[in-house]
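# Overview (structure and organization)
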Amino acid sequence: MEPEAPAGRAPAAASKLSEAVGAALQDPRRQRRLVLVIVCVALFLDNMLYMVIVPIVPYYVHAAGEKPTPTSSPTPPTPTNASAVTGNTSEPPTADLPAKPIVKPRHPRDNEDVKIGVLFASKAILQLLVNPLSGTFIDRMSYDLPLLLGLGVLFASTVMFAFAEDYATLFAARSLQGLGSAFADTSGIAMIADKYPEEPERSRALGLALAFISFGSLVAPPFGGFLHEFAGKSAPFLVLAAVSLFDALLLLVVAKPFSAAARARANLPVGTPIHRLMLDPYIAVVAGALTTCNIPLAFLEPTIATWMERTMAASEWEAGIAWLPAFVPHVLGVYLTVRLAARYPHLQWLYGAFGLAVIGASSCLVPACRSFAPLVISLCGLCFGIALVDTALLPTLAFLVDVRHVSVYGSVYAIADISYCVAYALGPIVAGHIVHSLGFAQLSLGMGLANLLYAPVLLLLRNVGLLKRSRSERDVLLDEPPQGLYDAVRLRERPMSDRGAAPRSPPGPLDACEEGDYDYYTRS
């Protein structure tokens, strides 16, 4: 009987563990923290996949271009390509390669650069095209099911990257990633705004998501290069595929998107159509600021390595590591903006305007740098300003929807995603042409001037912070039935004896539904 005692205790321990996990998942505060973790991992994964191919894709494109055309390429491989890809080529004239360094190598190199630029831009282009549809879909279907769909598409895209052998497969995988990002990114940010309706918590949660985005973008290139070098070309993508699968399974456990409660949650109120949100002047100003502040980053990423090589004779290692220190000021900018927004929430427009001014000054200083250290300082200023703008204005979009529209956030964050995608779709394709025709200095000065000129436009938002959410709630809650999830929660929270007083704001929608199964969705 004694040997059977541990075996008999195992089911009891498992049942206790499952009960503890179930109790933890029923706690509203813990559940929304888990949702925040799931969304942050999804955003981290998407940006890891976006940037992990930076050190890898030239090898893919070059190998795909070299494969089976012996007669169609009369010119021998260039010295750069020959040393970077294979040393045991069957062509004998290896001794002639150093003798012609600058004669003809430019055409294959430029052709590869065009292919790489199109490959990078394909993700943002498809994401830009799908976002208007994904925003409406998210408004209709709630947030958890589109997030699960986006994670599934990202998993498929990552697996395609792992086993791609030609440029067409790479292009299809990259475009498929754009489709997944249109659902995962938009629904994830919208879910954070929905779970954290009150301003100090909302800014903190969105700031944490932005920190994960930045961390994924900066860590991905060394991560991809290391695994590609020592574990094979498929290794980084298989690791990311495993992370996306784990995140999707965690979402299934926490949110239960196919349960009866989820079907009730999917019966959300009708949100404001995306075209009407685009016509809102305040939302249009915020969207323009998000595009303008990201243009320098999107245009410098594909061009600054070549400029560093020509201007300061920088090595590939220096060109790759130049962006890495910028992670610290980016996180610092997120932290400062969150703290300032908690103390002075009506000055969000000022934080964004100051961030645009910092971005403009930093972008104008980049061409004047002639050594590595000043360039790193300029790039740190650039990322610090972007953190200020993003952290200040993303919560402002949710606040504008709360005050001026129905509190359903899919379409408004689809507009934010469109703003980012405009910059990152144009950057890899247009930046190189501008540098070739006008020069790198003119490109940097033009982007800096655009940010400096746009900073005063945010003065149009100075009255947004003075709008009282309670006044909007009183009009909606007392004069007409609730129109959105946000209003339905407030209506349930408002005591009947307190009709003459200003409505009180609860800590969050999940905190009000401890009775079970989130039945407040059905009340709307």
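I will try to describe carefully the structure that is included in this document. Note that this is a predicted model, so its numbers are computed, not measured.

Next up on the list: helix α17 (residues 372–404). Here α17 is 33 residues long and its end C-alpha atoms lie 48 Å apart, about the 48 Å a rise of 1.5 Å per residue gives. The element α17 is extensively covered by neighbouring structure, given that 28 of its 33 residues are classed as buried.

The next point concerns a nonpolar patch on the surface. A cluster of nonpolar side chains, namely V114, V118, I125, L129, F171 and I429, defines an oily patch on the protein surface of about 470 Å² accessible area. Looking at where I429 falls in the secondary structure, it is placed in helix α18 (residues 410–437).

Attention shifts here to the side chain of Q127. Counting through the fold element by element, Q127 comes out in helix α5 (residues 106–141). Separated by 2.7 Å, the side chains of Q127 and D417 make a polar contact. Those residues within four positions of Q127 in sequence are excluded, and the remaining contacts are G178, S181, A182, D185, D417 and C421.

To continue, consider the packing of aromatic side chains. Within the structure shown, the criterion is met by eight aromatic pairs. Here W307 and F440 contribute two aromatic rings whose centre-to-centre distance is 4.7 Å and whose plane-to-plane angle is 20 degrees, an arrangement assigned as stacked. Placement of the pair is W307 in helix α13 (residues 304–311) and F440 in helix α19 (residues 440–454), with a sequence separation of 133 residues. A single burial state applies to W307 and to F440, both of which are buried. Ring pairs connect the aromatic residues F44, F212, F215 and F327, which therefore count as one cluster.

Considering the arrangement of structural elements, one finds S157 in helix α6 (residues 144–162). Among all residues touching S157, those that are not within four sequence positions of it are L49, A173, L176 and Q177.

The next thing to look at is the environment of L227. Mapped onto the elements of the fold, L227 is located in helix α8 (residues 199–231). Taking the relative accessible area as the measure of exposure, L227 reaches 18% and is therefore buried. Between the C-alpha atom of L227 and that of V239, which follows or precedes it by 12 residues, the distance is 9.7 Å. When near neighbours in sequence (up to four residues on either side) are disregarded, L227 contacts G232, A235, P236 and V239.

Conventions used here
Residues numbered from 1 in each chain as written. Predicted model: local features only at pLDDT ≥ 70, side-chain atom pairs only at ≥ 80, totals over all residues. Heavy atoms only, no water. Helix = DSSP H or I, 4+ residues; strand = E, 2+ residues; numbered from the N terminus. Expected span 1.5 Å × (residues − 1). Buried < 20%, exposed > 50% of the residue type's maximum accessible area, 1.4 Å probe, protein only. Patch = residues over 30% accessible without salt bridge, like charges linked within 9 Å, V, L, I, M, F, W, Y side chains within 5 Å. Areas by Shrake-Rupley, 256 points an atom, 1.4 Å probe, with all protein chains shown as cover. Salt bridge = Lys/Arg side-chain N within 4 Å of Asp/Glu carboxyl O. Polar contact = N/O pair within 3.5 Å; in protein donor to acceptor, adjacent residues only side chain to side chain. Contact = heavy atoms within 4.5 Å. Phe/Tyr/Trp six-rings, centres within 6.5 Å; stacked < 30°, edge-to-face > 60°.

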